[in-house]
Amino acid sequence: MDVLRRSQTTMHPGGLTVENLAGEHAPFNSRKIHAALTALTNDPTVVHRVESLIVAQLAGFDVVATGTIEATVVETLEQLGYQHMANNYQKQQHA
């Protein structure tokens, strides 16, 4: 299920809610994106740049699917010219 929407009420006050494939909700945790990016590169500047752009793209929504987050990470890496990192991220997610 690809969920990316604004809702009338936020599932988790004060932030973004993530919906997994089973339809369960959890608060968004940007540290997971940070950890995934850190596993791809040792360059803290790249990690910060990519992470900031991803979080900014998701910030306008209340509920987002895990698949949408993964696609946003891949698209952001590709748009910034980090194709190799995008490929490795996809491999990590599907391992």
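Our structure's up above, just so we're on the same page.
First, a word on what this report is: a plain description of the structure on this page. (Residues numbered from 1 in each chain as written. Predicted model: local features only at pLDDT ≥ 70, side-chain atom pairs only at ≥ 80, totals over all residues. Heavy atoms only, no water.)

## Things to note about the overall build of the chain
- Scanning the chain for helices and strands turns up four helices and four strands.
- Along its sequence from the N terminus, the chain presents helices and strands in the succession β-β-β-α-α-β-α-α.
- Across the 95 residues that make up the chain, the buried fraction comes to 32%.
- Residue pairs at least 24 apart in sequence account for 56% of intrachain contacts in the chain once pairs closer than 6 positions are excluded. (Helix = DSSP H or I, 4+ residues; strand = E, 2+ residues; numbered from the N terminus. Buried < 20%, exposed > 50% of the residue type's maximum accessible area, 1.4 Å probe, protein only. Contact = heavy atoms within 4.5 Å.)

## Here we look at helix 3 (residues 66-79)
- Relative to the 20 Å expected for 14 residues at 1.5 Å per residue, helix 3 spans 20 Å between its end C-alpha atoms, a close match to the ideal helical length.
- Within helix 3, the full set of buried residues consists of Thr68, Ile69, Thr72, Val73, Val74, Thr76 and Leu77.
- A positive phi of about 90 degrees marks glycine 81, the residue just after helix 3. (Expected span 1.5 Å × (residues − 1).)

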